[in-house]
Amino acid sequence: MKKKLLVIMTGLFLAVTNIHATGYPVFDISGWLTAIDQLYSQYDMVMNTITTIENQYQQIQQAVERAKSIDWENIRFDGDFDIRNDIRDANKRVNALLTQSRRIKETLTVQSIDCGNGNRYSLADLCGMGESGKNFFTAVTNTENFMTQNMRNTVKNIEEGLTKKQREAIWRKYGISPRNYIFASQAVAKVKDASAKVIAKATDEAVQLKREEQIAKSNAIMQAAYSQTDSDGNMTDGAAKEANLHLTQQVIEELGGVQEAINDLANVTASKLIADENAKQVEAEEMRKEQQKQEAFDNRVPDSFVK
């Protein structure tokens, strides 16, 4: 995964090295790469924590399965209490907890973010941990291309809503047209908002997992499974009943960290898009001036000279 991230970062670095100084704010390449690395690290922590939760519940599931193998038919119970009911309940609950933890992972990896023209992304893709060649910047680029092709009227309405002072401020600060500024900023905002919805859904699922864990703690068989230590030393008493509750809370907090990292990357990505637009505009202006010079030269040359 680290190698994959390095390839993405190198490609992005090469993509911005041709941006030249124009008197407008210089794009911060190192800050962008730092933001990418931070997002990668935050996402990696979430997935590692979820995997740890799954592994612990698989251990509990094994303990419950061992309890099921006991010949309870030959054991007498006092009153109405029957340990077999607890075993059935434990089996149901641990399966539900495993399903819920896997649902969180699925939410993060399913391609639910629509960037237009058939381009769909998962949160894993945005973090550079999903499909090859997909990351936050390509998602924004796909979105911007789609908007350019299909949302001209929407952007035109936004542009017309700007005051003269706002238009002048955009030209003065960024050196690009308000229209191009709107395309860039809106594309970043759309991807950021879509990722926020995915993270919110995953967080809700993590909160639900925590609730189910708290209910499951009342089950006697699961309590015994939590405190059981196997031959490899897993599930020690010190890590017992509160272990997964702590890890689930950690997932919730780490998802918040992913959101913060995406917000940071969105800000610098917007700067990168604006810098690209500025470079294109400067290049187009230089070509226009050269063309004017050539036309002026051609007009001064007598017809007899070129015959």
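Residues numbered from 1 in each chain as written. Predicted model: local features only at pLDDT ≥ 70, side-chain atom pairs only at ≥ 80, totals over all residues. Heavy atoms only, no water.

Moving on, we come to the overall build of the protein. Check the secondary structure of the protein and you find 11 helices and 2 strands. When its helices and strands are written in sequence order, the protein yields α-α-α-β-β-α-α-α-α-α-α-α-α. Of all 307 residues assigned to the protein, the portion counted as buried reaches 40%. Put simply, of all contacts in the protein between residues at least 6 apart along the chain, 74% involve residues at least 24 apart. (Helix = DSSP H or I, 4+ residues; strand = E, 2+ residues; numbered from the N terminus. Buried < 20%, exposed > 50% of the residue type's maximum accessible area, 1.4 Å probe, protein only. Contact = heavy atoms within 4.5 Å.)

Our focus in this paragraph is the pattern of salt bridges. For the coordinates displayed, the defined rule picks out 5 salt bridges. We note a salt bridge from E54 to K105, for which the minimum N-O separation is 3.2 Å. A residue pair is termed long-range when its members are at least 10 positions apart, and E54 in helix α2 (residues 29-68) and K105 in helix α3 (residues 83-109) qualify at 51 residues. Given a relative accessible area of 10%, E54 falls into the buried group. (Salt bridge = Lys/Arg side-chain N within 4 Å of Asp/Glu carboxyl O.)

On to the packing of helix α5 (residues 136-150) against helix α8 (residues 178-216), then. The axes of two packed helices give the description: the angle between them and the distance between them. Closest axis-to-axis distance for the α5/α8 pair is 8 Å, and the angle between their directions is 125°. Our classification of the angle between α5 and α8 gives oblique. At the point where α5 passes α8, the crossing takes the right-handed sense. In this structure, α5 uses F136, A139, V140, T143, E144, M147 and T148 to contact α8, whose residues at the interface are F183, A184, Q186, A187, V188, K190 and V191. Looking at the contact of α5 with α8 residue by residue, the classes come out as 9 nonpolar, 3 polar and 2 charged. (Axes fitted to C-alpha atoms, helices over the stretch in contact; angles between N-to-C directions. Parallel < 35°, antiparallel > 145°, perpendicular 65-115°, else oblique. Left-handed = near helix turned anticlockwise from the far one by under 90°. Nonpolar A, V, L, I, M, F, W, Y, C, P; charged D, E, K, R; others polar.)

Locating D125 in the fold gives a position in helix α4 (residues 123-126). Although buried, D125 forms no salt bridge, and the nearest oppositely charged side chain, K134, lies 4.4 Å from it. In this structure the side chain of D125 is engaged in a polar contact, spanning 2.6 Å, whose partner is the backbone nitrogen of E131. The residues touching D125, leaving out its near neighbours within four places in the chain, are Q111, R120, G130, E131, K134, N135 and F136. (Lys, Arg positive; Asp, Glu negative; His and termini not counted. Polar contact = N/O pair within 3.5 Å; in protein donor to acceptor, adjacent residues only side chain to side chain.)

The next point concerns the packing of aromatic side chains. For the structure shown, the criterion picks out 0 aromatic pairs. We note K134 situated over the ring of Y121; from NZ or CZ to the ring centre the distance is 4.8 Å. (Phe/Tyr/Trp six-rings, centres within 6.5 Å; stacked < 30°, edge-to-face > 60°. Lys NZ or Arg CZ within 6 Å of the ring centre and 35° of its normal.)

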